[in-house]
Every structure is written in structure tokens, then in C-alpha cells.
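Fold and contact review
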Amino acid sequence: MDNVDVKENETQVTAENTAEAGTNGAAAELGKFQSVDALYSAYRALEAEFTRRSQRLKELEDMNKAQTTPEGGAPSCGELNGEELLKAALADESVKEAVISEYVKTLSANKGVPLISGGVSPAAPRTPLKSVKEAGALAQRFLKN
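Residues numbered from 1 in each chain as written. Predicted model: local features only at pLDDT ≥ 70, side-chain atom pairs only at ≥ 80, totals over all residues. Heavy atoms only, no water.

Another aspect to go through is the overall build of the protein. Counting its secondary structure elements, the protein contains 5 helices and 0 strands. Counting helices and strands in the order they occur from the N terminus, the protein gives α-α-α-α-α. The buried share of the protein, taken over its 145 residues, is 1%. Carbon and sulfur atoms make up 59% of the accessible area of the protein, which amounts to about 13600 Å² in all. (Helix = DSSP H or I, 4+ residues; strand = E, 2+ residues; numbered from the N terminus. Buried < 20%, exposed > 50% of the residue type's maximum accessible area, 1.4 Å probe, protein only. Areas by Shrake-Rupley, 256 points an atom, 1.4 Å probe, with all protein chains shown as cover.)

As C-alpha cells, then:
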């Protein structure tokens, strides 16, 4: 019977240790809060503050979208259509000069003007023309064909 008493004592000790460990573990998980109720009330306060800040952020974002011009006075390019963008670019001298200089660069890159692009070049007369009358006859033949 000694073995039965020892087993009962071990069961009681194990149950007591488990209860103490559960209490200590719960206290360790709550951190600085003394009870679950204190933790819950702190959570509710935090949730309310988060909601207030989220609403304020939404208000500020809406105000930002409502403003068409930033503090600098010029509207931002993302909010303009083509015509408004042209007016804003023409109003700023540095932008206008940059556009003009870029256009001049593209013009100077094409040094020669192509007279005929693709196809066959026109045939030139083999003999030089001696009079205006011959030139007129040649032009009439050209136009008829």
C-alpha cells in the first residue's frame, strides 16, 4: 500500500505545480498588466485612439486631394490635363526655354531634308533643253503619263 500512497502524493504535487505554473505563465504573458481586465481596458483605449488617428489621417488625405495647387503656386503635373499642362509650361520661362532648346536639337540632328523618300527618283532629260517651248512640251508629256 505504500506504492499507492506515493502515487497519490505525486499526483497531488504535480497538480499543484501545474496550477502554479499556469498562474505564473499567465502573469508572465500579461506583462505589465495585473489582470486580464486591466489588459482588456488598455486594449479598448488603444483601439479608440487608433480609430481617432485613422479618421484624422483620412481627413488630411481628403484635404490634400482637394487642393489643386501646392504651396509653390504651380499645380503638380499629375493633376493636369494636356491643355492645363501646356499653360503651366508656358508660364514658366525655364521650362519654355528647355522645350525650345530640345526642339532645336532635334531639328539640327536632321541636317539634310530628303527630297524623295522611297520609290524611284524622277528621270532627268538626257539632253539639256534649248528653249522654253521644249520645256513646255516635256512638261505636257510628263503630265499626260
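Across the interface, helix α3 (residues 82-91) lies against helix α4 (residues 93-109) with an axial gap of 5 Å and an inter-helix angle of 100 degrees. On the basis of the axis angle, α3 is roughly perpendicular to α4. Together, Ala 89, Leu 90 and Ala 91 of α3 and Glu 93, Val 95 and Lys 96 of α4 make up the contact between the two elements. Per-class residue counts for the contact of α3 with α4 are 4 nonpolar, no polar and 2 charged. (Axes fitted to C-alpha atoms, helices over the stretch in contact; angles between N-to-C directions. Parallel < 35°, antiparallel > 145°, perpendicular 65-115°, else oblique. Contact = heavy atoms within 4.5 Å. Nonpolar A, V, L, I, M, F, W, Y, C, P; charged D, E, K, R; others polar.)

All right, on to the pattern of salt bridges then. As enumerated under the stated definition, the model contains 7 salt bridges in all. In this structure, the salt-bridge partner of Arg 52 is Glu 49, at a minimum N-O distance of 2.7 Å. In this pair, Arg 52 and Glu 49 both sit in helix α2 (residues 36-66), 3 residues apart, roughly one turn of the helix. According to the relative accessible area criterion, Arg 52 is partly exposed, its value standing at 49%. The exposure class of Glu 49 is partly exposed, given its relative accessible area of 29%. Connected through salt bridges with shared partners, the residues Glu 49, Arg 52 and Arg 53 form a single ionic network. (Salt bridge = Lys/Arg side-chain N within 4 Å of Asp/Glu carboxyl O.)

On to a nonpolar patch on the surface, then. Taken together, the side chains of Ile 100, Tyr 103, Val 104 and Leu 107 define a hydrophobic patch exposed on the protein surface, amounting to about 400 Å² of accessible area. Its location among the elements puts Val 104 in helix α4. By relative accessible area, Val 104 is classed as partly exposed at 46%. (Patch = residues over 30% accessible without salt bridge, like charges linked within 9 Å, V, L, I, M, F, W, Y side chains within 5 Å.)

Low pLDDT marks regions whose predicted coordinates should not be analysed in detail. Across the protein, the average pLDDT comes to 75, with 61% of residues at 70 or higher. When the elements of the protein are averaged for pLDDT, helix α1 (residues 2-30) gives the smallest value, 54, and α2 the largest, 92. (pLDDT = per-residue confidence, 0-100.)

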